[in-house]
Amino acid sequence: MSDEHQTLTIVIPAYNEEKAIASIIERCLAERERIMAETPVSEVEIVVVNDGSRDRTAEIARRYEVVRLISYDKNQGYGAALKRGFDEAHGTLVSFLDADGTCDPAYFIPLVNELVKQKADVALGSRLGPESEMPRIRRLGNRIYTMLINALTSAKITDSASGMRVIRKASLQRLYPLPDGLHFTPAMTARAVSVDSLKLIEVPISYKERVGKSKLSVIRDGLRFLEVIVDIILSYRPLRFFFYVAAFALGVAAILFIRPLQYYVMYRNVPDWMVYRLIAVVVLVLASLTMMTVGLVADQIAELVNAEVRRRRARAIERFVRAVLSHRALIVAGPVLVVIGLAVNWRTFHQLLVEGHVKVPWVFPVTGAFFVLMGVWSWALGMLQRIVRTLRLRELDRTAYRDPPGGTGGA
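Residues numbered from 1 in each chain as written. Predicted model: local features only at pLDDT ≥ 70, side-chain atom pairs only at ≥ 80, totals over all residues. Heavy atoms only, no water.

## Re the packing of aromatic side chains
Then comes step 1: A full pass over the atoms with the stated rule returns 8 aromatic pairs.
Then comes step 2: Look at Phe 96 and Phe 184: their rings are 6.3 Å apart centre to centre, the planes differ by 75 degrees, and that puts the pair in the edge-to-face class. Here the residue Phe 96 occupies a position in strand E4 (residues 93-97), and Phe 184 occupies one in helix H7 (residues 184-194), the gap between them amounting to 88 residues. In this structure, Phe 96 and Phe 184 share a single accessibility class: buried.
Then comes step 3: For the ring pair Tyr 263 and Tyr 267, a centre distance of 4.7 Å and an interplane angle of 50 degrees mean the geometry is tilted. Here Tyr 267 and Tyr 263 lie together in helix H9 (residues 238-267), a separation of 4 residues that amounts to about one turn.
Then comes step 4: The class of Tyr 263 is partly exposed, set by a relative accessible area of 28%.
Then comes step 5: Members of the aromatic cluster, joined through ring pairs, are Phe 86, Phe 96 and Phe 184.
Then comes step 6: The positively charged end of Arg 347 is found above the aromatic ring belonging to Phe 364, 5.9 Å away from the centroid. (Phe/Tyr/Trp six-rings, centres within 6.5 Å; stacked < 30°, edge-to-face > 60°. Helix = DSSP H or I, 4+ residues; strand = E, 2+ residues; numbered from the N terminus. Buried < 20%, exposed > 50% of the residue type's maximum accessible area, 1.4 Å probe, protein only. Lys NZ or Arg CZ within 6 Å of the ring centre and 35° of its normal.)

## Observations concerning the layout of surface pockets
Then comes step 1: There is about 550 Å³ of room inside the second largest pocket.
Then comes step 2: When residues of the lining of the second largest pocket are traced back to their parent elements, those giving at least two are H9, helix H10 (275-305) and helix H15 (363-402).
Then comes step 3: The greatest single-element share of the lining of the second largest pocket, amounting to 7 residues, is contributed by H9.
Then comes step 4: Grouping the amino acids of the lining of the second largest pocket by side-chain chemistry returns 20 nonpolar, 2 polar and 1 charged. (1 Å grid on protein atoms, 1.4 Å probe; cavity = no way out; pocket = protein on both sides within 12 Å on 5 of 7 lines; lining within 4 Å. Points joined across faces, edges and corners; volume = space filled by probe spheres on them. Nonpolar A, V, L, I, M, F, W, Y, C, P; charged D, E, K, R; others polar.)

## Here's the deal with helix H1 (residues 21-38)
Then comes step 1: Between its terminal C-alpha atoms H1 stretches 25 Å, which fits the 26 Å expected from 18 residues at 1.5 Å a residue.
Then comes step 2: Where H1 bends most, the angle comes to about 35 degrees, and this point is Glu 31.
Then comes step 3: Looking at H1, one finds that the buried residues are Ile 21, Ile 24, Ile 25, Cys 28, Glu 31 and Ile 35.
Then comes step 4: Those residues of H1 that are buried are in contact with strand E1 (6-14), strand E2 (41-51), helix H2 (57-61), E4 and helix H4 (108-117). (Expected span 1.5 Å × (residues − 1). Bend = angle between axes of the 7 residues up to and from the residue. Contact = heavy atoms within 4.5 Å.)

## Examining unusual backbone geometry
Then comes step 1: Cis geometry marks the peptide bond from Tyr 176 to Pro 177; its omega dihedral reads 5 degrees.
Then comes step 2: With respect to the helices and strands, the residue Pro 177 is situated in the loop between helix H6 (172-175) and H7.
Then comes step 3: The backbone phi angle of Ser 154 is positive, close to 65 degrees, even though this residue is not glycine.
Then comes step 4: Mapped onto the elements of the fold, Ser 154 is located in the loop between helix H5 (136-153) and strand E6 (164-168).
Then comes step 5: Judged by its relative accessible area of 38%, Ser 154 falls in the partly exposed class.

## With respect to the pairing of E2
Then comes step 1: Summarising burial for E2: 9 of the 11 residues are buried, a large majority.
Then comes step 2: Strand direction decides the pairing type here: E1 and E2, joined by 9 bridges, are parallel. The residue of E2 that forms the bridge with Ile 12 is Val 48.
Then comes step 3: In this fold, the crossover linking E1 to E2 by way of H1 has right-handed handedness. (Pairing = 2+ DSSP bridges. Right-handed = clockwise from strand over helix to strand, strands pointing away.)

## With respect to the state of the cysteines
Then comes step 1: Counted under the stated rule, the structure contains 0 disulfides.
Then comes step 2: Not part of a disulfide, Cys 28 finds its nearest cysteine sulfur in Cys 103, a span of 10 Å.
Then comes step 3: Judged by relative accessible area, which is 0%, Cys 28 ranks as buried.
Then comes step 4: Relative accessible area serves as the criterion here: at 2%, Cys 103 is assigned to the buried category. (Disulfide = S-S within 2.5 Å.)

## Some details on the pattern of salt bridges
Then comes step 1: Overall, the coordinates contain 11 salt bridges when judged by the stated rule.
Then comes step 2: We note a salt bridge from Arg 34 to Glu 31, for which the minimum N-O separation is 3.1 Å. Taken as a pair, Arg 34 and Glu 31 lie in helix H1 at a separation of 3 residues, close to a single helical turn.
Then comes step 3: For Arg 34, a relative accessible area of 37% translates into the label partly exposed.
Then comes step 4: The class for Glu 31 is buried, based on a relative accessible area of 14%.
Then comes step 5: Residue Arg 68 is joined to Glu 45 by a salt bridge in which the shortest nitrogen-to-oxygen separation is 2.5 Å. Taken together, the residues span a long stretch of sequence, with Arg 68 in strand E3 (residues 68-72) and Glu 45 in strand E2 at a distance of 23 residues.
Then comes step 6: With a relative accessible area of 12%, Glu 45 lands in the buried category.
Then comes step 7: Because the salt bridges share partners, they merge into one network encompassing Glu 45, Arg 68, Arg 84 and Glu 88. (Salt bridge = Lys/Arg side-chain N within 4 Å of Asp/Glu carboxyl O.)

## Observations concerning the environment of Thr 293
Then comes step 1: Within the secondary structure, Thr 293 sits in helix H10.
Then comes step 2: Judged by relative accessible area, which is 0%, Thr 293 ranks as buried.
Then comes step 3: Placed 54 residues apart in sequence, Thr 293 and Leu 239 show a C-alpha to C-alpha distance of 8.6 Å.
Then comes step 4: Apart from residues lying up to four places away in sequence, Thr 293 is in contact with Leu 325, Leu 330, Trp 377, Leu 381 and Gln 385.

In short, geometric facts, not functional conclusions.
Pasting the structure below:
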């Protein structure tokens, strides 16, 4: 169906919302005619999913004959209710808003229009405008999750957990799987901005104080939000996550190394009391490079599993990291670094073999050990990258064999 002829299903998940359900249903019904008059939508369907409510929510919703009611005997979760509503929806566009009265159904008009105009897959209602009545603690948490998603995906969203959206039903398959709980919305946001073939846009909407008590636990659900965001981004763009961790470790190492370097330049010596600082530098540098290379391997695994990642164009910094820490570079660098580490300690070995004891300053064994460990690390991770790369190329060959250009696939 073309964008000029769409139908819309509004899904309202409800759990113990007897104080607000009648109001939100009536507000949605009141906006049906305007939605059809001011958007390409020719029909609006309203579906209420009663998620095991123990109050009168289902009884009140059943009074509205034009509203389709789906009921669970037991609470399945916010995300599960929405997914059931999407499965039962007849519309080419599916949408949802919370039953608590915080969002205005009138905003479905700009959401639908912008989704159609920009040929987007998801239109998200951003609730964080200057007049938003969202509690401060929730606003702070939302901004933290949004900043995390933006940093790891290069997106520019403002509201990661909005409970009002319009989605093309045909795009749901690329958004799934999504969780059953309250972390459904940040999970959808993270996946939509991680998959390059999906387009997410934002439309500013108003946000009012909810009717009744919120079911959201700031700590418990906040941790779930954080976990699902990281999990999804690691599934599609792991290198960026590991890059930031590695960059932090390398930055701390550089700061710790400044003073020993200054001391050595001034006095041509490093005092014994700096040994612990230099050991910390060695550990942080190795940790940083390990994180970076693990990110590269994880990126290759993501490309192996996700066709979407294979088609993604890497950023300049990613291409630079891949070139510097490629499997070829690491495999060659490994033996070279080991030789350097041994060469640094030639006096150490000579004294040990000839005199039976070592008198060289401690900085030489520490530096030599650093280079040897770096060499072993480089060679091993280079070989691991090579293995994953070989598996990925083999999978690409199999895919090409099954689906040759213009052909019908392999036997």
